[in-house]
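Here is how the chains run, residue by residue.
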Amino acid sequence: MKTVAVLSDTHGNRRAIDRLSQILSECDYIIHLGDTSEDGAYIRSNYGSKTYLLNGNCDGCKLGEDELILETEGVKIFAAHGHLYGVKSGLKKLAARAKELGCGVALYGHTHSAREDEADNVVLINPGCMTRYGGGSYCYLVLNNGKAVAKIVETDAY
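Residues numbered from 1 in each chain as written. Predicted model: local features only at pLDDT ≥ 70, side-chain atom pairs only at ≥ 80, totals over all residues. Heavy atoms only, no water.

Draft legend 1. Highlighting the sheet that holds strand β7 (residues 115-119). The mixed open sheet is built from five strands, whose spatial order is β4-β5-β6-β8-β7. This sheet does not close on itself; its edge strands, each paired only once, are β4 (67-72) and β7. With strand direction ignored, the average angle separating the axes of adjacent strands in the sheet is 20°. Packed on one face of the sheet, helix α4 (residues 92-100) meets β4, β5 (75-80), β6 (105-107), β7 and β8 (122-126) and runs near 125° to β8. (Pairing = 2+ DSSP bridges. Helix = DSSP H or I, 4+ residues; strand = E, 2+ residues; numbered from the N terminus. Axes fitted to C-alpha atoms, helices over the stretch in contact; angles between N-to-C directions. Contact = heavy atoms within 4.5 Å.)

Have a look at this one:
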């Protein structure tokens, strides 16, 4: 079993990130889906190589990747910020890209709205954001024996 903390759209709110220190230190992987990748670099400086960074549309300083594939515990995950897939208008392009890459799970941010959907046999998860622009939430993802179970966790953004 592996655990993943998924954050997105922190937009400089390091106080909220610091409030997750126990979760971040205990999980096997951390994925920051962009906006702001400097926050992801801050997380990486504290938690090392288990931290993966994605670039978002507000990341002028590209410190991460535009796309990521992570495969562990029999689960293949595709991650992207989402802006390049038009996620504010729908999830079909994102689901199609994940399916093209053989991924059963797609992680994305950008919309600031936490949600879990399914499209074309791909589970699509948005952890929400950690700013005043959308409340506070992240995703705690458990991977085990080919299955992924996601829990959106509401938190105080400030």
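Draft legend 2. Expanded view of the side chain of H110. Within the element layout of this structure, H110 appears in the loop between β6 and β7. Here H81 takes part through its side chain, which lies 3.3 Å from a polar atom of the side chain of H110. Beyond its immediate sequence surroundings of up to four residues, H110 is in contact with S8, D9, N57, H81, G82, H83, V87 and K88. (Polar contact = N/O pair within 3.5 Å; in protein donor to acceptor, adjacent residues only side chain to side chain.)

Draft legend 3. Highlighting the pattern of salt bridges. Evaluation of the coordinates by the stated rule reveals five salt bridges. Between E67 and R97 there is a salt bridge whose closest N-O contact spans 2.8 Å. Remark: R97 occurs in helix α4 and E67 occurs in strand β4; sequence separation between them is 30 residues. With a relative accessible area of 29%, E67 lands in the partly exposed category. Measuring nitrogen to oxygen at the nearest pair gives 2.5 Å for the salt bridge that ties D117 to R115. Overall, R115 belongs to the partly exposed group, its relative accessible area being 41%. (Salt bridge = Lys/Arg side-chain N within 4 Å of Asp/Glu carboxyl O. Buried < 20%, exposed > 50% of the residue type's maximum accessible area, 1.4 Å probe, protein only.)

Draft legend 4. Fine view of the packing of aromatic side chains. With the rule as written, the count across this model stands at two aromatic pairs. Here the aromatic rings of Y29 and Y52 are separated by 6.2 Å at their centres, their planes lie at 45°, and the arrangement is tilted. Placement of Y29 in strand β2 (residues 29-32) and of Y52 in strand β3 (residues 51-53) is noted, with a sequence separation of 23 residues between them. When the centroid spacing of 6.0 Å and the interplanar angle of 90° are considered together, the rings of F78 and Y85 count as edge-to-face. Taking the relative accessible area as the measure of exposure, F78 reaches 0% and is therefore buried. (Phe/Tyr/Trp six-rings, centres within 6.5 Å; stacked < 30°, edge-to-face > 60°.)

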